[in-house]
Each structure stands twice: as C-alpha cells, then as structure tokens.
Amino acid sequence: MHGSILVVAQHTKGKVDVVTYEAVSCAMKLCKENSSHLKIVVLGDQTELIADEISKKTGINTIGVNNKYLNLYNSEVYIESLLKLFEQLTVEYVVIPHTSTGYDFAPLLAVKLGASCITEVEDINTDKDKPSFIRAMFNGKLYTEVVPNKDVTIITTQPGSWQPMKDKADKKGDVNIIRIDIAPKNIKSIALKEAEFKENELNSSEIIISAGRGIGKRENLSLIYELARLFPKSAVGCSRAVCDAGWLDYKHQIGITGNTVSPKLYMAVGISGAIQHTSGIKDAQMIVAINNDPSARIFNLADYGIVEDLTQFIPLLIQEYKKLFFSQKP
Amino acid sequence: MKILVCVKQAYVPSSNILLDKDPPRIHYNTGGFKINSYDEYGIEEALRIKESASKIDEHTYVHAISVGPDRVETVIKRAMEMGADEGIHIQCNASEELSPYQVAYLIASYAKDKQYDIVITGVMSDDGMYMQTGTMIAGLIGYPHISSVVLQELRKDHSLYIEAEHDGRRRQTFEVKLPCVLTVQSGINKPRYPSLSNVLRVKKQKILKIQATDIGIPEAREAIVKMFLPNIKQKGVILDGTPMEKATKLLKLLHEKSLI
C-alpha cells in the first residue's frame, strides 16, 4: 500500500455521526490495523471541536477543513475542497459512510478523480495482495466480491455492517486545521429540516409488528393490526415500500431513513429484509419473520422464520392463539 | 425546456437467483425484467415538471432514455405511454453486466450536447442498488446534481427549490440553478398509469436508436470476481411442519419468553 487511506467523517449539528466510526473500522481493516497511512478528514464551517473529538477517540491523525460556506453540507464545496486536499496527498482509498450525504458526493468524486467506485461495502476480503470488497445486490439476495482496477478507489460503507471503532485511550491523533474557502457555484444549501413526527410510539414499544411490501395490498394491513392486537403495548411499523405505496404514513417507517427501534419482539411480516430496513432494527431480543419467499434476506436475521403465505398464516395464527389461550373448558 | 429521464429495466426475480460459479454469472429469466421502480417515480416527476412549466407558458419536452438490448424498449415505451414525448434507445447487448460508470458514460455522451435543462434518474436501481449512475451522469456532463430528492418546485427564475432526504427522517433543502441532474427517491409522487391517447400515439411512434458501440463503451473500473448466495445464519431456525404446527410452535415460543 503506497498511498493514504482517507476517511471522510460525517457530522450533524456539531455531533459526530456513528457511521463515521463505522467507516473508520472499515478503513482499519483495509490497512490491516496499520494506521500510519490512515487519515480522517472533517469538512465544515467550524471543525476544531469535532476534529479534536475524532482524533481522541480513534488515535488517528485528523484534518479539519474549515470553509465558511459549509454550515450545511454542499456537494460542490465538498468536492472542490477534497480535490484541493488531494493536491497535497497521495490517496489510494477514500472511505465514506453510505448515507444520503455520502452517496451524494462519492460517485462524483470518483468521476473527477478517474477512480473506481464501490458503494455499500459490507465487508472487505484482505486475504490476497489486493483487497476486494463485498457488497449486496437484489435486495440482499446476492452478494458480490468486487475488485477495483484504478489507482484510486472510492468506497462507501454500509451503515450497520461495521462495528463502530472503539475508543483508543492510549494515543491521540494529530489535528491539523486548514482553511479552504471555495464557494458553491450552482447549489445553495438552505436548511436542515427536522422530521415532523419526532416522538413516536415505535421508539418506546416493546413489541413491534412490521409490514412489508409483501402484504400485497393496503387492505391486508388489517391482518397486521389484528396480529398486533394479540400483544399488549404493541405498535405497527413498516418498511419504506409500504409508505411509498401510500398504505401507511412515513412515521411508521423503520429503517435508515426512518425510525430506529430496539423492541423485545420484532415481527417482520412480508418484509424482504433489505439492509436499508434492517439497519433500523438496532437491537431486538427476538426477530420473527413471516414471508413466502425462502430466499428473502430477512431469514438471515430472524431468530425464527416461517415460510408461509401471510394472508393464510396470520388468520391461522390468530385462530390458534384463541384456542390456546382462551378455550377454558369449565 | 427539455427534460431527459433515464429509465432502467431492472432484473427483479421473485425467488432465488440462479448462479454460475466460474466465471460468476447470473442466469437471467426473461420474465424477471421490470421497469426500475425508482425510475417510475422519475418519469412521473418529469411529467409533473412539464405540467407546472406549462402553467408559466413554457413548452417542455420530456425524453426517455434507456441502455440495453431490445427488451428495454418496453420501459422506454412505458415512459412514453405515461406521457414522455420522445424515446431514445442506446442499444447494447448484455447491459446487465455494465457498471454504473459505463452506463453513465453512455447516457452522458448522448446527452451532453443536447442542452437538456434537467436530467432525472431514480436514486438507485432495484437490482444493482449502486446509487451511482445519476450522480456520475452529472459529473460527466458537468451539471450540478442533487440526489435523493423528495420534493422539487420549479421557480420562475429557472431555478429549482429542492428537498432531499437526509437520515433520521430529516430533509435538507437546496436551491439549484438549471441545468442540473436530480435523482429521485421513492415516494416522491404517485406514478400515473399510461393514458389511452398516449398508448395509441406510441404505437405509431419511432424510438431513436443509437448503438452503444458507436459511442464507445469505456472500460469498467471495477470487476465482480465472485458472486455468492448469502448463508442462512445458524442462529435462526426455520420452523417446520404444517402451517398449523408452525403456528402452535410459534405461539409456544412467544409464551415461553413471556411475550404473549
């Protein structure tokens, strides 16, 4: 390995997002724990505190790029700033968290650098001379191992696939703050709007019954609600596809761009289990999946899987419940 | 105003993916090809921009483009039947083996001297899920771009007000000057059905055909060296038996854990 590995940190409103430390874990694996060539870069309008926090936590040299036009993310400014930085550094890999910010600029950076671009990396194979990158296709039904062939490779790390790097108490990385005041030309970043529904019963429910596109039609939501009624203190959640179809409001959405939940029981009904959804299930004591597609990715995560047509199985389940718990013969 | 909407025909099999191991290759079942769901939102959004532009007295044309073999004509026609004015087909065999960069290069090569005001793509495809192509098209043409768009509004000064999805159910808002590229997120709109008048028009209409080899397909910058099906992890148990038996087993399990 001759060039640097650069991790681009992600931060929101003065806080370092955990995906940054996930990306650092990935970078550490890439350099086989030899972090001498590893650097982290933070871009923003006042990066001193964040750069300091990152260098303390990771022990890795951190560069803070201050740009007065970056009180909010802006792709034009990020790209021009990174290109300017690369005039000083020989970079071999750039590691970016795969978030709505990350995938907004990563492919553009690749085009500008003539680099290879591999997105949503879930793992790295370091057995051979050159590392290869593992990513999913077809909603998680297939995995591929990808090898770049250009001098520079841009990778984005799949949130939830990497353990965030743990604190390095022994040493603190150097912090270097530089100023690059490049203005955006065509894109003006205006504001970051908060979600309408912040307090949500989903975040506090012990039992979540969740519907996916596999329920087939809006009317079948009644099955989900009937199933939820078997459990006291339960809430109904869903995958993004159900919201996109207009069957449930987005406040029920569980996933990267929706709610993150940690229930005692998560029942995934008609959910394929794509990582954008399942990474919203932060911790669940038990996951039960009901799906009629045995190759659905959800079965890799479920503690208990049932390969059945939900429209047949749920009424049966409710019927059996009534038999088991309510048939008290005098 | 001219809008180019990029449409992919994605491979969306309903059950297992069949694989050749060496060299790694997918067995494509012709019945598994469908219009990329994210691009349906793209077509619809293009048509909505056309409709709002006509209110401020602007002639707007929507062109639909796709890269692939003969079968992708279906998705170009779908876009036209929804209301796109013209269709462009970059003919290319085995397009399912192209990387996002290669597809972006082909589309950008076609589009760059055509003065499109807006280029729209879905944020990703249902099969590859790379989330790169739209952004790369922007980089190759030299247009600014915004990805993951959930709302757009055309302003009289020919700029766009955009809301883009951000994590944790937030939205970042932008103003972008035309020309630009937008990649749209699912749920941005409700795609319309083809109309009868458009269907009849499309029956008589020609689609512009361009050979990808005439443009020149660039070399891929990455290679897939292995494909594999995910392992079912050991910790999970697939319940067996009749549906009734599975139901009973499940209820007993839940009851044992005091969940029900």
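Structure: see above.
Residues numbered from 1 in each chain as written. Chains lettered and ligands numbered in written order. Predicted model: local features only at pLDDT ≥ 70, side-chain atom pairs only at ≥ 80, totals over all residues. Heavy atoms only, no water.

**Focus: the overall build of chain A**
The helix and strand tally for chain A stands at 10 helices and 18 strands. Seen along its three principal axes, the alpha-carbon backbone of chain A occupies a region of about 80 × 45 × 40 Å. Taking all 330 residues of chain A together, the buried fraction comes to 61%. In chain A, 65% of the contacts between residues at least 6 apart in sequence involve partners at least 24 apart. Surface exposure of chain A reaches about 13,700 Å², of which carbon and sulfur atoms provide 48%. Mean positive and mean negative side-chain charge positions of chain A (37 and 38 charges, respectively) differ by 2 Å. (Helix = DSSP H or I, 4+ residues; strand = E, 2+ residues; numbered from the N terminus. Buried < 20%, exposed > 50% of the residue type's maximum accessible area, 1.4 Å probe, protein only. Contact = heavy atoms within 4.5 Å. Areas by Shrake-Rupley, 256 points an atom, 1.4 Å probe, with all protein chains shown as cover. Lys, Arg positive; Asp, Glu negative; His and termini not counted. Charge placed at Lys NZ, Arg CZ, Asp CG, Glu CD.)

**Thoughts on the sheet that holds strand β11 (residues 170–177) of chain B**
Pairing in this open sheet of 10 strands is mixed, and the strands run β13(A)-β11(B)-β10(B)-β9(B)-β12(B)-β8(B)-β1(B)-β6(B)-β7(B)-β13(B) from one edge to the other. Of all the strands in the sheet, just β13 (187–193) of chain A together with β13 (208–211) of chain B have a single pairing partner and so form its edges. Across the sheet, the axes of successive neighbouring strands diverge by a mean angle of 30°, strand direction being ignored. Against the sheet, helix α2 (residues 73–82) of chain B touches β6 (61–68), β7 (86–91) and β13 of chain B, its axis set at about 165° to β7(B). (Pairing = 2+ DSSP bridges. Axes fitted to C-alpha atoms, helices over the stretch in contact; angles between N-to-C directions.)

**A look at the interface of chain A and chain B**
With 91 residues of chain A at the contact, the number on the chain B side is 77 residues. Buried area between chain A and chain B, both sides added, is near 7,500 Å², and the carbon and sulfur share of it is 59%. Scanning the region where chain A abuts chain B turns up 4 salt bridges. One salt bridge in this structure joins A:Glu194 and B:Arg170, with 3.1 Å as the shortest N-O distance. Between chain A and chain B we count 36 residue pairs in polar contact (both at pLDDT 80 or more) in total. For the side of chain A that touches chain B, the residue count by class is 46 nonpolar, 24 polar and 21 charged. (Buried area = accessible area lost by both parts, 1.4 Å probe. Salt bridge = Lys/Arg side-chain N within 4 Å of Asp/Glu carboxyl O. Polar contact = N/O pair within 3.5 Å; in protein donor to acceptor, adjacent residues only side chain to side chain. Nonpolar A, V, L, I, M, F, W, Y, C, P; charged D, E, K, R; others polar.)

By themselves these figures say nothing about function.
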